[in-house]
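Listed below are the residues making up each chain.
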Amino acid sequence: MRGRGLEARAAVGGREETRAEVESETRLPVALLWALPGALVLPGELLAGARLGPHSLRTRPGQPFARAAGCCPRCIKPPKAGREHPAWEARYCGSECQPLSRLRFTPQGEESLQILVPTEGESLPLMDINTCETEAPELWDYVFVVDRRTQRNPGQVQRQRRFLEELENQGFRYKAMEDQEKEFFGIRADNSIFDRYRRLTEPEDTVPRGELSRPTSIQATNRIRIVDFVLNSKTAAGDTLQDLVKDGVFEAGFPLHEGEAHLKKTWARWRSMFQRQPISDIRDYFGEKVALYFAWLGWYTYMLVPAAVVGLIVFLSGFSQFEASQISKEICKAHDIYMCPRGDHNRRFQRLSDTCAYAKLTHLFDNEGTVLFAIFMALWATVFLELWKRERARVVLQWELYGWDEDQEEMALGLITCPDYQPRLHQHSYLRSTVILLLSLLMICLMIGMAHVLVVYRVLAAALFSSALPFLGEQVTTAVVVSGALVHYVAIILMTKINKYVALKLCDFEKPRTFSERESKFTVKFFTLQFFAHFSSLIYIAFILGRINGHPGKTVRLAGLWKLEECHLSGCMMDLFVQMAVIMGLKQTLSNCVEYLKPWLAHKYRSWRARSQDPDLGHWQRNYRLNPVYTFSLFNEFMEMMIQYGFTTIFVAAFPLAPLLALFSNLVEIRLDAIKMVRLQRRLVPRKAKDIGAWLQVLEIIGVLAVIANGMVIAFTSEFIPRTVYKHRYGPCRRGAQSEVDCFTGYVNHSLSVFYTKDFQDPAKIEGWENVTQCRYRDYFSAQDSSFSEQHWFLLAIRLAFLILFEHVALCIKLIAAWFVPDVPQSVKNEVLKKKYQRLGQKRWRGRAGWERGGAGVGPLNPFPASSCSPKSTDV
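Residues numbered from 1 in each chain as written. Predicted model: local features only at pLDDT ≥ 70, side-chain atom pairs only at ≥ 80, totals over all residues. Heavy atoms only, no water.

Asks: Outline a nonpolar patch on the surface, supporting the account with residue identities and numerical values.
Replies: A contiguous nonpolar surface patch, about 250 Å² in accessible area, is contributed by Val 305, Val 309 and Ile 313. Turning to its location among the elements, Val 309 is positioned in helix H10 (residues 288-320). (Patch = residues over 30% accessible without salt bridge, like charges linked within 9 Å, V, L, I, M, F, W, Y side chains within 5 Å. Areas by Shrake-Rupley, 256 points an atom, 1.4 Å probe, with all protein chains shown as cover. Salt bridge = Lys/Arg side-chain N within 4 Å of Asp/Glu carboxyl O. Helix = DSSP H or I, 4+ residues; strand = E, 2+ residues; numbered from the N terminus.)

Asks: How would you explain the sheet that holds strand E13 (residues 252-254) if you had to name every residue and give the values?
Replies: What links the strands of a sheet is backbone hydrogen bonding, and the strands pair in either a parallel or an antiparallel sense. In spatial order, the strands read E11-E12-E10-E13; together these four strands make up an open sheet with antiparallel pairing. Where the open sheet ends on each side, the last strands, each with one partner, are strand E11 (172-178) and E13. Geometrically, the sheet is characterised by an average inter-axis angle of 20 degrees between neighbouring strands, direction not taken into account. One ladder, built from three bridges, connects strand E10 (residues 142-147) with E13; its direction is antiparallel. Looking at E13, one finds that Phe 144 is bridged to Gly 253. (Pairing = 2+ DSSP bridges. Axes fitted to C-alpha atoms, helices over the stretch in contact; angles between N-to-C directions.)

Asks: Residues and numbers for the state of the cysteines, please.
Replies: Within the structure shown, the criterion is met by three disulfides. The disulfide partner of Cys 332 is Cys 356, and the gap between their sulfur atoms is 1.8 Å. Disulfide Cys 332-Cys 356: the torsion about the S-S bond is 75 degrees, which places it as right-handed. Placement of Cys 332 in helix H11 (residues 326-333) and of Cys 356 in helix H12 (residues 356-365) is noted, with a sequence separation of 24 residues between them. In this model, Cys 733 is linked to Cys 743 through a disulfide, with the two sulfur atoms separated by 2.1 Å. Measuring the twist about the S-S bond at about -85 degrees, one finds the Cys 733-Cys 743 disulfide to be left-handed. (Disulfide = S-S within 2.5 Å.)

Asks: An account of the environment of Gln 242 is requested, with residue identities and associated values reported.
Replies: With respect to the secondary-structure elements, Gln 242 resides in helix H7 (residues 241-246). Residue Gln 242 is classed as partly exposed on the basis of its relative accessible area, which comes to 48%. For the pair Gln 242 and Gly 253, spaced eleven residues apart in sequence, the C-alpha separation works out to 8.5 Å. (Buried < 20%, exposed > 50% of the residue type's maximum accessible area, 1.4 Å probe, protein only.)

What follows is the structure in structure tokens.
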């Protein structure tokens, strides 16, 4: 656009002004104005929306547009605050800025935008704002690395050159540099690619007139994302970058870390653990998908505070009754009650009073507060999700992605790569779905079989520990439980790799239409397999352990040899508590240590092993030595948090401290992930997103499963139902409370069945059998014929009734909470409505000349102006 006119004027805010007005409005100094013998014409859009500071020019909030080049930073001053239109200053500062006649503002990653100012005696155009060929900035979108040893293979070299030629044909340019071992290729895309993307994704009615013909201004995250899509689209030879890296043609391909110093200083360091996360800065550097992950993780951590406090109160409330519990008192004083031998490793009678300490510990998490805490966690899970949806809506609206269409984005990127692109249509195959369902069920059965392997291990370990480690004595059961938890943890690590491979193969077999659809299907399949891998042993302990092994005198044996394992004498809640504490503790400590130390040590080793650094290649070499990232690198972080969320909610009735453990773990996890992404890993390819995708459905499923699992734990694993039934039906308070007698007096004797030692198949093998005529065991059997007693069936009916009532009440509370807390705040809805209204007003203004000829036009509509003709309601 060339300047025309005989006197100095400038379009500021859409109006023309004289030289004096220009100087006062734009604050251009006299030294610069005197260098302009003729007219100065600046586009109104540039000045009205621009802010020129020492380092950057911004045309839209949060979007970097240009960087000063050809003039020292001291020559550019930021705008004065409080002005109606942002103004910029430039001053003549000596030889450093010579010549002032060519002051360039170079868009980041774009061709330069030149302002040509003629000096005295020249007859150049007075003002010229355009895109032109200038010195290319040393900014690169991508870097390819080639091992020089592969250059000996002619086939590899030919594929490499063919791929680079294809990129040149598509508008890319590259620069080759090499050191002693590697060859590096810097790749940069032409602006035409981003112009096409902009025309496809931004309708003309949403962009000011003349904006689309301007030089492209694009965020670095969008630029990397588009370039990555083009590089991983099939070329004419049928190759993609991923294929070439897999075949060894290129060793690696990655975008560079550029401008991450701010994140390192304010976010990616341990001392910032308790500071607020800069979500907008994360989004500007890593893209929306990573920013949404950290926004969700921060919100989850914030919401864990009330859950952790309530869980800690419930746990500590057990300490208030640590010595005062009537049941614990009776157990500690039961010196004359002998328990039946529980396994082949312990062939002697044990006094009930020997379990005094375990009885007191069990009461810490198996008390009346457990039921209330389980209901609270069901409500908490719902409120957490609803409040997150509201937070997400606010964040996405701020990013101007509320109405973003993922399918349109996929098609736009496809059209950029190939003008003849045709979208893949949706399709469904019942045969393929059936095969996938059967294979998934087979894998689930394998996960359940892993729980049976754990059963076999615990039975064999009990026999081995009792014979090989006699010093354990009465602690054999505890040793078996702890070692079983460790074995399960190792099995989880191994099955995670197998599950990921199987889930990927199932996704490939299903043939998803787009990458987003593939990611969503992979999420569902992988999480399903991981859920059974992590929770199979907990399900076994909570609902199966000790219930299928028969009774004294008639026990169920594995392969007819080894007696099945039983719960601890203090109840199965202790076993469940220990299993959860060990697995969750190891996941939150050992796994986090490995997650951080492994990339840290690998990076340190590569840096130490590297030879002398080339000054011209230093930045590329530093990025190359960082740890590689993969397509599902962020997916792994999400999966880790979902499993933790499952532990926090699903069996929380047995482990009230789970939210507190998760809170401490998340405070570390946020900074650990930040340090990994910014300091230890190559830059993740930014992904555009407006929500966390299929993970939201996973969270909702976990919330429902938590209600069911906690209801079953309270009904069938905890002693809550037997205690309550005894208190109101069999205890001393059945006819009303009595102040002088505790309502649970006699509960221990009532809850233990009697077995006569003479009925053992071989009582002589039991130590001390001649002094004991009867022993006790936990269950409700008849002493005469060892059949289930009346109390057993009555308790079973009450357990089932409680389970149904608990689940319905908890689910109703969840539904009411979901209805009471809207997913989207009204302020967000109103803002979206105003934007739609303004867009219609702009269309009406542009089209008014067509349907009202000769009339004076009106400006764009104000948002919801007061009008006598505004209807109060609209019926459609």
